[in-house]
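Given next are the chains, with one letter for each unit.
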Amino acid sequence: MRIDQALDFLHASNAAQFESLSDLIPPELIMTLLGEEGVATLRRRRMPMERLVWAIIGMAIFRHVPMTQLVNQLDILLPGDRPFVAPSAFLQARQKLGDKSIERLFHETASRWHQQANHPGWAGLQLLAVDGVMWRTPDTPDNAAAFAKPGTQHGETAYPQVRMLCQMELTSHLLTQAVMESCAVNEMVLAEQLIERTPDHSLTLFDKGFYSLGLLHSWQTTGSERHWLLPLKKGTQYEVVRKLGRQDVLVRLTTSPQARKKWPQLPDTVEARLLTRNINGKERQVLTSMVDPMRFPGADIVELYSHRWEIELGYREMKHSLQQHRLTLRSKKAAGIRQELWGVLLAYNLLRSQMVKMAASLKGYTASQLSFHMASVYLIHELSCMPYLSPGSIPKRVAELDKQAGQFVLPERRERSYPRSVKARPQKYAVQKANKNNASQA
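J.: What exactly am I supposed to notice about the packing of aromatic side chains here?
T.: The description of an aromatic ring pair rests on the distance of the ring centres and on the angle between the ring planes. Taken as a whole and assessed by the stated rule, the structure comprises five aromatic pairs. Aromatic pair Phe206 and Phe210: ring centres 5.5 Å apart, planes at 45°, arrangement tilted. With relative accessibility at 0%, the residue Phe206 sits in the buried group. Using a relative accessible area of 0% as the deciding quantity, one classes Phe210 as buried. Three or more aromatic residues joined by ring pairs make a cluster, and in this case those are Phe206, Phe210 and Trp219. Geometry around Trp309 places Arg308 over its ring, the cationic atom sitting 5.1 Å from the centre.

As C-alpha cells, this is what we get:
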C-alpha cells in the first residue's frame, strides 16, 4: 500500500460509524460488567452507559477529535429532539461510568482474545514480556495529587505522570494484562500484581531492573510452568552448583533476610541457570528458571532474550501510531486519566486482535511482523464502512481483509548502523572550554 493510499484511508475514516466495531466486543459482556459495577443504565437516556463505553474506545482511536465533539460525531445517542449532547452531560456521564468497568472490560477481552489466538511458542511455552512505560497527564491539581511529578536533576518535571506496567505476548503484541499507578510507585511493586494473572506454560522476559529473588521465585512457583528470563545484574553473587554445558552452569543464589521477611515462602537459597555468550565482542549473561538443559537448549536461550524489545515496539505503536504523537493525555482528573488509559489499551488490543486474524491467513508470519500503523489505518476504515453494506456483502468484505494482509508485512529488520552509547548527563552550568590560543601558548 502506498503512503497516499494510507492517508486517503485515514481521512476517509468517519467517526460516525465507529459503533460498527461493537460486533467485536459482545454487547452482553459490556452490559454484564456495567451491571456488576453498578453503573448500567436502568432507564431510557440519550446517552446510555453501554454506548458511552464505545466513546471511551473512540477517544483512543480518533485522538485528533476533541472529547466534547467526539460524542456528537459518534453514533451513540438515542433518537431525540436535540441532535447533540452538551459537553457537561458528557463529562457527567464519564464520571458516572468511572474507570473500573473499562479496566474489567480490558482484562476480560484480553483473556478471550489471547485464548482464541493460536500463538506460536518456544519449547512448549508462550513468549511474554513485562516492562513499564510512563504516560504524561495535564498539569492539574487533581492529577498532580494522584500521580505526582517525577524528580529530575534540577527539580520536578512540569507534568504529573502515570507509571504503567504491561505484560505482552511477543508474537502478536496482544496485551495480556496491565496495571497502573502514580510514577512514585516502583515497577517492582506493580510487577507483584501481575503474578496471579500470568498464564501457565509461559516464559516471561524481564529487563535486569526486575531482579528480585522474592518476585522471581513467586512468579515461578505460582501456577504451572511460569518461567522467567532476565540479564544477570552486575555484582550478583552466586555459587556454581554444577556445569550443564559450555558456558552453561546451574547456580545457587542466596536470599537476604529482608527478602524472606517480605516474601514468607522464599527459601534461603534459589537455584537458577546462568548462560554466558560473547556477542559482538561483549560478554552477555542471562539468568533463567529453565534449568532443564534437555528441554531448553542453551544455544537458543541467550538469543531468545532479544525478543524482549517487542514490548518496546508495542509501546511505540500505542504512543505514536494510536495516539498520533500527542504526548499528553486529555483528562483533567485522575479518574478520567485512568479511564482514558484503559480505553487506549482496549483500543490497541482491539486492533491487534484483528491483525492476529489477518496474520493467520498468511503462511509463516505472525502479527508482530505486520505494520501496526498501516494495518490499523486500513482496519478502522474497513470496519467503519460495514454499516453501509448489505448483509449479503459483509462476508465478502471480511474475507477481503485477509487478502490485504500481505500488503502490511514488514521488511526484515536491518542491523543497527551505530552501536548504543551512553549519553552524558546535562550539566547545570555550562562547561568552560579552554581557549585554543591559550592552550597553544601554554
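Read on for the rest.
J.: Could you clarify how one ought to interpret the sheet that holds strand β6 (residues 202–205) in this entry?
T.: What holds strands together in a sheet is hydrogen bonding between their backbones, with the strands either parallel or antiparallel. Overall, mixed pairing links the nine strands, which are arranged β5-β4-β1-β6-β7-β11-β10-β9-β8 in an open sheet. In this open sheet, the two strands that pair with only one neighbour each are β5 (175–182) and β8 (239–245). Adjacent strand axes in the sheet meet at a mean angle of 25°, parallel and antiparallel pairs treated alike. Across seven bridges, strand β10 (residues 269–279) lies against strand β11 (residues 282–288) in antiparallel orientation. Bridged to Arg273 within β11 is Thr288. Strands β1 (126–136), β4 (161–169), β6, β7 (226–231), β9 (248–254) and β10 of the sheet are contacted by helix α9 (residues 213–221), whose axis makes an angle of about 150° with β7.

J.: What exactly am I supposed to notice about the pairing of β1 here?
T.: Both faces of the sheet carry side chains from a regular strand, because those side chains alternate between them. Most of β1 sits inside the fold, with eight of its 11 residues counted as buried. In this sheet, β4 lies alongside β1 in antiparallel orientation, the contact comprising nine bridges. Residue pairing in the sheet places Leu128 in a bridge with Glu169 of β4.

J.: Would you take a moment to explain the packing of helix α3 (residues 49–61) against helix α13 (residues 334–360) for this structure?
T.: Axis angle and axis distance: for two packed helices, these are the angle between their axes and the distance between the axes, and together they describe the pair. Taken N-terminus to C-terminus, the directions of α3 and α13 make an angle of 75°; their axes are 8 Å apart at the nearest point. Regarding the angle of α3 to α13, the classification is roughly perpendicular. For the pair α3 and α13, the contacting residues are Trp54, Ile56, Ile57, Met59, Ala60 and Ile61 in the first and Gln339, Glu340, Gly343, Val344, Leu346, Ala347 and Leu350 in the second. For the contact of α3 with α13, a count of residues per class yields 10 nonpolar, two polar and one charged.

J.: Looking at this structure, how should I read unusual backbone geometry?
T.: Excluding glycine, residues mostly have negative phi values, and the peptide bonds linking residues are mostly trans. Of note, the phi angle at Ala148 is positive, near 70°, even though the residue is not glycine. Counting through the fold element by element, Ala148 comes out in the loop between α7 (141–147) and β2 (151–152). Assessed through its relative accessible area of 24%, Ala148 is described here as partly exposed. With phi around 65°, His325 is a residue other than glycine that occupies positive phi space. Assignment of secondary structure puts His325 in the loop between α12 (309–322) and α13. On the basis of relative accessibility, which here comes to 54%, the residue His325 falls in the exposed class.

J.: Explain the nonpolar core to me, please; I cannot follow it from the model alone.
T.: Side chains of a nonpolar character, in soluble globular proteins, are inclined to be buried together. Formed by 85 residues in total, the largest nonpolar core has its most connected members in Ile25, Ile57, Leu97, Trp135, Leu203 and Leu345. No other element matches the 15 residues that α13 contributes to this core. Listed in part, the 27 residues of the second largest apolar core include Leu165, Ile195, Val249 and Val251.

J.: How do you make sense of the side chain of Arg63 when you look at a structure like this?
T.: Of note, Arg63 is situated in the loop between α3 and α4 (67–73). Glu340 provides the closest opposite charge to the buried, salt-bridge-free Arg63, at an N-O distance of 4.7 Å. Separated by 3.0 Å, the side chains of Arg63 and Gln323 make a polar contact. One polar contact links the side chain of Arg63 to the main-chain carbonyl oxygen of Thr328, over a distance of 2.7 Å. Setting aside residues no more than four positions away along its own chain, Arg63 makes contact with Leu322, Gln323, Gln324, Arg326, Thr328, Leu329 and Arg330.

J.: I'm lost on the pattern of salt bridges in this one. Help?
T.: Two side chains that carry opposite charge are able to pair once their charged atoms sit near each other. Enumeration according to the criterion identifies 12 salt bridges in this entry. A salt bridge links Asp139 to Lys149; the shortest N-O distance between them is 3.2 Å. Taken together, the residues Asp139 in the loop between β1 and α7 and Lys149 in the loop between α7 and β2 connect sequence positions 10 residues apart. Note on Lys149: relative accessible area 24%, which makes it partly exposed. Via salt bridges that share partners, Asp131, Arg308 and Glu312 belong to a single interconnected network.

J.: Can you walk me through the side chain of Asp248 in this structure?
T.: Within the secondary structure layout, Asp248 lies in strand β9. In terms of polar contacts, Asp248 uses its side chain to reach the side chain of Arg273, at 2.7 Å. Residues within four places of Asp248 in sequence aside, it is in contact with Lys243, Arg273, Leu274, Leu275 and Gly298.

J.: Is there a simple way to think about helix α6 (residues 100–116) in this case?
T.: Since there are 3.6 residues in each turn of an α-helix, residues three or four apart along the chain are aligned in direction. For α6, which comprises 17 residues, the first-to-last C-alpha distance of 24 Å matches the rise-based estimate of 24 Å (1.5 Å per residue) to within 8%. When α6 is considered as a whole, its buried residues turn out to be Ser101, Ile102, Leu105, Phe106, His107, Thr109, Ala110, Trp113 and His114.

Conventions adopted
Residues numbered from 1 in each chain as written. Predicted model: local features only at pLDDT ≥ 70, side-chain atom pairs only at ≥ 80, totals over all residues. Heavy atoms only, no water. Phe/Tyr/Trp six-rings, centres within 6.5 Å; stacked < 30°, edge-to-face > 60°. Buried < 20%, exposed > 50% of the residue type's maximum accessible area, 1.4 Å probe, protein only. Lys NZ or Arg CZ within 6 Å of the ring centre and 35° of its normal. Pairing = 2+ DSSP bridges. Helix = DSSP H or I, 4+ residues; strand = E, 2+ residues; numbered from the N terminus. Axes fitted to C-alpha atoms, helices over the stretch in contact; angles between N-to-C directions. Contact = heavy atoms within 4.5 Å. Parallel < 35°, antiparallel > 145°, perpendicular 65-115°, else oblique. Nonpolar A, V, L, I, M, F, W, Y, C, P; charged D, E, K, R; others polar. Core = buried A, V, L, I, M, F, W, Y, C linked by side-chain atoms within 4.5 Å. Lys, Arg positive; Asp, Glu negative; His and termini not counted. Salt bridge = Lys/Arg side-chain N within 4 Å of Asp/Glu carboxyl O. Polar contact = N/O pair within 3.5 Å; in protein donor to acceptor, adjacent residues only side chain to side chain. Expected span 1.5 Å × (residues − 1).

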